[in-house]
Amino acid sequence: MGQIVLPPNVIGYVFRTDCAAQGWSYIGQSTRLDQKHIGGYFGSSSAIKEAMAEHGLDGLTKRVLATAESALELHYLEMVSIAEARKNGVQLLNGDFGGPRPFPTMQRALWAALPAAMRVATDPKKFHKVITRNREMVEQAILDASSVSGDEYYIGLERDLLAVEDLSYDCPSCGSLAGTVCRTNSTVETKPHNPTSNHKARPRATS
């Protein structure tokens, strides 16, 4: 993969990772603009981390789909990119439709700002049509979802992680027990122990 050069004044970009051998793709966003990270970052969701852990990085390609000059624009373009790929029948590892995390918060915000989108969320073509024709209302949902309190954010994040992470075993890195999510700053008493995605050392259940 050649060097990816981003235009000036952008704060982030939307990218697509493809694995031709396995037939899947992943769409995400990043605000890390240094070349080392751009070249080596393929996504951080549970699904893509498990795929990379199982199959490695060989055969992965990455391309930029869009760039953004604000966080609001970045979230919206990620949502549109995911919706467009699903409309076109791409097999995505993404478990949600993008935007601010945690996902349940974005769902509630979109229900409030643009219920028509949530009513057709399981229909890729209709969902893409609604969110591209109603950008202002989608952006309002993004703003509402981004303004949640820290406590609400981490409650939602933990709920998401409990649903998608493999919690079959204890984590040797942070000490979280089987059935519970990993935590940040496990060795530092003075820092918050917030929920986080599985540490690399946490064993996975064998298939």
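Before any of the text, the structure's been laid out above.
Here is a short report on the structure shown in this document. (Residues numbered from 1 in each chain as written. Predicted model: local features only at pLDDT ≥ 70, side-chain atom pairs only at ≥ 80, totals over all residues. Heavy atoms only, no water.)

### Side note on helix H6 (residues 124–133)
Heads up, the condition is: Using a 1.4 Å probe on the protein chains alone, a residue whose accessible area is under 20% of its type maximum counts as buried, one over 50% counts as exposed, and one in between counts as partly exposed. Counting from the N terminus, the helices are DSSP H or I runs at least four residues long and the strands are E runs at least two residues long. By construction, the arc corresponds to the directions joining the helix axis to the C-beta atoms. Any two residues whose heavy atoms approach within 4.5 Å are treated as being in contact.
Every buried residue belonging to H6 is among Phe127, His128, Val130 and Ile131, and all of these are buried. Around the axis of H6, the buried residues are gathered within 165° of arc, so they sit on the same side. Looking at H6, the residues exposed on the side facing more than 90 degrees away from the buried face are Lys125 and Arg133. Looking at the buried residues of H6, the elements they touch are helix H3 (71–87), helix H4 (103–113), helix H5 (115–119) and helix H7 (135–146).

### Structural notes on the sheet that holds strand S1 (residues 12–19)
Put simply, the rule is: A strand pair is defined by DSSP finding two or more bridges across the two strands. Axes here mean lines fitted to C-alpha atoms, for a helix over just the part in contact, with angles spanning 0 to 180 degrees between N-to-C directions.
Pairing is antiparallel in the open sheet, where three strands are placed in the order S2-S1-S3. One side of each edge strand has no neighbouring strand; the edge strands of this open sheet are strand S2 (24–30) and strand S3 (60–68). The average angle at which neighbouring strand axes cross in this sheet is 20°, direction not considered. Of the strand pairs in this sheet, S1 and S3 are connected by eight bridges, and their pairing is antiparallel.

### Section: the packing of H3 against H6
Rules: Each angle is binned into one of four classes, with values under 35 degrees roughly parallel, values over 145 roughly antiparallel, values of 65 to 115 roughly perpendicular, and all other values oblique. Crossings are classed by handedness, with left-handed meaning an anticlockwise turn of the near helix from the far one by less than a right angle and right-handed meaning a clockwise turn. In the scheme used here, Gly and all other residues not listed as nonpolar or charged are polar, with Ala, Val, Leu, Ile, Met, Phe, Trp, Tyr, Cys and Pro taken as nonpolar and Asp, Glu, Lys and Arg as charged.
Two numbers describe how H3 lies on H6: the axes approach to 8 Å, and their chain directions differ by 150°. Between H3 and H6, the crossing angle belongs to the class labelled roughly antiparallel. Regarding H3 and H6, the two cross each other, and that crossing is left-handed. On the side of H3, the interface is formed by Tyr76, Met79, Val80, Ala83, Glu84, Arg86 and Lys87, while H6 contributes Pro124, Lys125, Phe127, His128, Ile131 and Thr132. Looking at the contact of H3 with H6 residue by residue, the class counts come to seven nonpolar, two polar and four charged.

### Focus on the pattern of salt bridges
The cut-off we apply is this: We count a salt bridge whenever a side-chain nitrogen from Lys or Arg sits within 4 Å of a carboxyl oxygen from Asp or Glu.
Going through the model one piece at a time under the given rule, you end up with six salt bridges. Across the salt bridge formed by glutamate 78 and arginine 101, the nearest N and O atoms sit 3.1 Å from each other. Placement of glutamate 78 in helix H3 and of arginine 101 in the loop between H3 and H4 is noted, with a sequence separation of 23 residues between them. A relative accessible area of 1% places glutamate 78 in the buried class. A relative accessible area of 31% places arginine 101 in the partly exposed class. Each of Arg16, Asp18 and Arg63 takes part in one network of salt bridges that share partners.

### Looking at the pairing of S2
The buried fraction of S2 is high, at seven of seven residues. Going residue by residue along S2, you find Trp24, Tyr26, Gly28 and Ser30 tucked away on one face and Ser25, Ile27 and Gln29 tucked away on the opposite face as well. In this sheet, S2 lies alongside S1 in antiparallel orientation, the contact comprising seven bridges. Considered in S2, the bridge of valine 14 is made with glutamine 29. Where S1 folds back onto S2 in an antiparallel hairpin, the turn is made up of four residues, including glycine 23, whose phi is positive at roughly 80°.

### Observations regarding the nonpolar core
Note the threshold: Here, the term nonpolar core denotes a set of buried Ala, Val, Leu, Ile, Met, Phe, Trp, Tyr and Cys residues that are joined through side-chain atoms within 4.5 Å.
With 30 residues, the main nonpolar core has Phe97, Met106, Leu110 and Phe127 as its most contacted residues. Elements with a minimum of two residues in this core: S3, H3, H4, H5, H6 and H7. Here the element with the most residues in this core is H3; it accounts for eight residues. The residues contacting leucine 110, other than those within four sequence positions of it, are Met79, Phe97, Pro115, Ala117, Met118, Phe127, Val138 and Ala141. Of all hydrophobic cores here, the second largest spans 15 residues; its members include Leu6, Val10, Phe15 and Ile38.

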